[in-house]
Amino acid sequence: MGEKSGGAMSFFGQVIQWFQNPAHWQGDAGIPHRTFEHLLMSGASVLTAALIALPIGIAVGHYGRGGIIAINVSNVGRAIPSFAVLVLAAKLFGFVSGPKVLGFGAVPAFVALVALAIPPMVTNSYIGMREVDRDVREAARGMGMRERAVLLRVELPIAMPFIMAGIRTSAVNVVATATLAAVVAWGGLGRFILDGFGLQDYPMLFAGAVMVAVLSLIVEFSLAGVQRLSTPAGLRPSKTTQKEEPLGSSLDTAAVAA
Amino acid sequence: MLATGVVGAVEDPWIRWSWISGHADIIVAALVQHIQLTLIAVLVGLAIAVPLGLVAWRSRLFRGPIFSLTGILYTIPSLALFSLLLPFTGLTIWTAEIGLVGYTLLILVRNIVVGLNAVPDEVREAARGMGFRPLAELARVDLPLAFPAIIAGVRIATVTTIGLVTVTALIGEGGLGSLIYDGLLRDFKTPLVVGTVLCVALAVMSDLGLAGLQRVVTPWARSRAVP
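Residues numbered from 1 in each chain as written. Chains lettered and ligands numbered in written order. Predicted model: local features only at pLDDT ≥ 70, side-chain atom pairs only at ≥ 80, totals over all residues. Heavy atoms only, no water.

Peer 1: Lay out the overall build of chain A in plain terms, naming residues and giving numbers.
Peer 2: Broken down by element type, chain A carries 10 helices and zero strands. The secondary structure elements of chain A, listed N-terminal to C-terminal, are α-α-α-α-α-α-α-α-α-α. Counting every position in chain A, which comprises 258 residues, the buried fraction comes to 54%. Across chain A, the fraction of contacts at a sequence separation of at least 24, relative to all contacts at a separation of at least 6, is 73%. Surface summary for chain A: the accessible area is close to 11,800 Å², and the carbon and sulfur share equals 65%. (Helix = DSSP H or I, 4+ residues; strand = E, 2+ residues; numbered from the N terminus. Buried < 20%, exposed > 50% of the residue type's maximum accessible area, 1.4 Å probe, protein only. Contact = heavy atoms within 4.5 Å. Areas by Shrake-Rupley, 256 points an atom, 1.4 Å probe, with all protein chains shown as cover.)

Peer 1: Outline the overall build of chain B, supporting the account with residue identities and numerical values.
Peer 2: For chain B, the count of helices and strands is nine helices and zero strands. When the helices and strands of chain B are read in sequence order from the N terminus, they spell out α-α-α-α-α-α-α-α-α. Seen through its principal axes, chain B has C-alpha atoms that stretch 75 × 45 × 30 Å. Here chain B holds 227 residues, and the buried ones make up 50% of them. Between the centroid of the 15 positive side chains of chain B and the centroid of its 13 negative side chains there is a distance of 12 Å. (Lys, Arg positive; Asp, Glu negative; His and termini not counted. Charge placed at Lys NZ, Arg CZ, Asp CG, Glu CD.)

Peer 1: Run through the pattern of salt bridges, naming residues and quoting values.
Peer 2: A complete count under the given rule lists 13 salt bridges over all chains for this structure. Of the charged contacts in the structure, one is a salt bridge between Glu37 of chain A and Arg34 of chain A, with a shortest N-O distance of 3.0 Å. Taken together, the residues Glu37 of chain A and Arg34 of chain A, both in helix α3 (residues 31-63) and three residues apart, mark about one turn of the helix. Take Glu37 of chain A: its relative accessible area is 5%, and that puts it in the buried class. What makes Arg34 of chain A buried here is its relative accessible area of 13%. The partner of Glu137 of chain B in a salt bridge is Arg124 of chain B, and the shortest N-O contact between them spans 3.7 Å. (Salt bridge = Lys/Arg side-chain N within 4 Å of Asp/Glu carboxyl O.)

Peer 1: Give me helix α6 (residues 106-130) of chain A: which residues, what numbers.
Peer 2: Taking 1.5 Å per residue as the helical rise, α6 of chain A with its 25 residues ought to reach 36 Å, and the 37 Å between its terminal C-alpha atoms agrees with that figure. The element α6 of chain A is extensively covered by neighbouring structure, given that 20 of its 25 residues are classed as buried. (Expected span 1.5 Å × (residues − 1).)

Peer 1: Please set out the interface of chain B and chain A residue by residue, giving values where relevant.
Peer 2: At the junction of the two partners, chain B supplies 53 residues and chain A supplies 48 residues. The junction of chain B with chain A conceals about 4,200 Å² of combined surface from both sides, 78% of it contributed by carbon and sulfur atoms. Its largest share of buried area at the contact with chain A, chain B owes to Thr75, Pro87 and Leu184 of chain B, together 14% of the area lost on that side. Applying the counting criterion to the chain B and chain A interface returns zero salt bridges. Counting across the chain B and chain A interface gives two residue pairs in polar contact (both at pLDDT 80 or more). Contributions of two or more residues to the side of chain B that touches chain A are made by α3 (60-75), α4 (78-89), α5 (93-117), α7 (134-165), α8 (176-185) and α9 (190-217) of chain B. Classifying every residue of the side of chain B that touches chain A gives 35 nonpolar, 13 polar and five charged. (Buried area = accessible area lost by both parts, 1.4 Å probe. Polar contact = N/O pair within 3.5 Å; in protein donor to acceptor, adjacent residues only side chain to side chain. Nonpolar A, V, L, I, M, F, W, Y, C, P; charged D, E, K, R; others polar.)

Peer 1: An account of α4 of chain B is requested, with residue identities and associated values reported.
Peer 2: Residues and elements named next belong to chain B. Between the first and last C-alpha of α4 there are 15 Å, a value that for 12 residues agrees with the 16 Å anticipated at 1.5 Å per step. Burial within α4 is extensive, with 10 of its 12 residues counted as buried. Two residues or fewer past α4, Gly90 is found with a positive phi of approximately 65°.

Peer 1: So what's going on with the nonpolar core? Which residues, and what values?
Peer 2: Ranked by size, the top nonpolar core spans 113 residues in total, and within it Phe83, Met121 and Ile193 of chain A carry the most contacts. The dominant element in this core, judged by the number of residues it contributes, is α6 of chain A, at 13 residues. Residues within four places of Ile193 of chain A in sequence aside, it is in contact with Thr179, Leu205, Gly208, Ala209 and Val212 of chain A together with Leu79, Ala80 and Ser83 of chain B. Ranked by size, the runner-up nonpolar core spans 13 residues in total, among them Ala79 of chain A together with Ile27, Phe188 and Leu202 of chain B. (Core = buried A, V, L, I, M, F, W, Y, C linked by side-chain atoms within 4.5 Å.)

Peer 1: If you had to explain the environment of Arg130 of chain A to someone new, which residues and values would you point to?
Peer 2: Residues and elements named next belong to chain A. Mapped onto the elements, Arg130 comes out in helix α6. With 67 residues separating them along the chain, Arg130 and Tyr63 place their C-alpha atoms 9.7 Å apart. For Arg130, the residues in contact, after removing those within four places along its chain, are Gly61, Gly64 and Arg137.

Peer 1: Tell me about the packing of aromatic side chains, and please be specific about residues and values.
Peer 2: Enumeration over the complete set of coordinates arrives at 10 aromatic pairs over all chains. Seen from their ring centres, Phe11 of chain A and Phe12 of chain A are 5.9 Å apart, and the 65° between their planes marks the pair as edge-to-face. Judged by its relative accessible area of 2%, Phe11 of chain A is buried. Residues Phe11 of chain A and Phe88 of chain B carry aromatic rings whose centres are separated by 5.5 Å and whose planes lie at 80° to one another, so their mutual orientation is edge-to-face. Here Phe11 of chain A is found in helix α2 (residues 8-20), whereas its partner Phe88 of chain B is found in helix α4 on a different chain. Of the residues examined, Phe88 of chain B reaches a relative accessible area of 42% and is grouped as partly exposed. What links up through ring pairs into an aromatic cluster is the set Phe11, Phe12 and Phe206 of chain A together with Phe88 of chain B. Between Arg58 of chain B and the ring centre of Trp57 of chain B, over which it is positioned, the NZ or CZ distance is 4.2 Å. (Phe/Tyr/Trp six-rings, centres within 6.5 Å; stacked < 30°, edge-to-face > 60°. Lys NZ or Arg CZ within 6 Å of the ring centre and 35° of its normal.)

Peer 1: Could you give an account of the confidence of the model for chain A, with specific residues and numbers?
Peer 2: Residues and elements named next belong to chain A. Confidence along chain A averages 84 in pLDDT terms, with 84% of residues attaining 70 or more. Here residues 239-243 scores under 50 on pLDDT; set against residues more than four positions off or in separate chains, the count is one contact. A low-confidence stretch, residues 248-258 stays under pLDDT 50, and its non-local contacts, those more than four residues away or across chains, total 45 contacts. (pLDDT = per-residue confidence, 0-100.)

Peer 1: How would you explain unusual backbone geometry if you had to name every residue and give the values?
Peer 2: Note: most residues except glycine have negative phi, and most peptide bonds are trans. Residue and element names in this part refer to chain A. In this structure, Gln200 takes a positive phi of about 55° despite not being glycine. Residue placement: Gln200 occurs in the loop between α9 (190-198) and α10 (202-229). By relative accessible area, which is 47% here, Gln200 ends up partly exposed.

Here is the structure:
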């Protein structure tokens, strides 16, 4: 705390010292391994969720049935606190150990993260598919394209920016919630925050928070870049015509915060 | 919900009604604190977001930085944001509220700007033609027309905040989150279930209530679909 260390400057000095301590860079509880854990867990969760969510959203969008469910799933998802989902998963699956690389408490964390990542992906991929103009679809069929080609060569490319937006929303959400997963005894970068809090080691807590914040921003900005690149060249908005969407409609369907 | 408890010595049911009736005071206190933390966050958030939104709407120069800064705040995970504040504000309500307010800003500012941008130029011309001064035009034409988008932002901010308040249980606040946390720490699931159910109910009811307010206050927008 400020009063103990006698001023903000020396607090930041302690944080820098914490980072400089070589012991914090080694072993299973070191920064590199915790970062690796965090990224592996987040990546595995997002990938699993995408394998479940995207086919559903794309199919619902392609056939145009069940749209109301696809739209509302992320609204419902937003109303359920991620903290509660994590704790529920911990109670359902216990604090059991996962694969060796992911370690103790990995199963409930993984299940919770997958569950949280699904809704935004379903909604966004559905909206993306619905964005495809009926005339465009008809024109593709008129040109003699088979259904498969219509889906793969017309619908999916047009829907891609929306699908990517869903993946990005989910990924940032998952990286954030994986931090919280330290509460259910899992590792990752949240460990530094939780242990720093438990030990009243505020430099460690602060250092953990800085690393989590930086990691989240890197994920957000790099996926925003991927999203931009995924837009077919012909559909890219010029700087002047870029339309702004209010949150809560299309591109930013689900709030990130976790 | 699956009724498969953790394999343990004593089977702990998902809900024990006797605990609820015996701890009504604790549950109500948690709910009240949850509502207070949410209300403060959204109201203070609005008080900051409206001027920020107006500046971002009027000035191209400031729009970029305002969106970038609120966007960065929004991207930082809640536990990390609270932890960045904790060494300075300690285990006080300030740590929770500064963080919670920070999260509402992006949603609110963005919807305010989008709502104001959507006001048709002809309407603005007409208002000017009728002799409205800039401030009167803002208060009586622009803001009312932007209201559906603004309230849509308030709805998202409120539901998001209700979820985030649970995380503040880790820094000594929490509202219903303290029940959820209690359920985790003890081998007893009832508080967890009660906290989660009330939290979801609170979010859904706030959302419906604000949607109702939106309909009442903007009768002209009823025929249009508003997010």
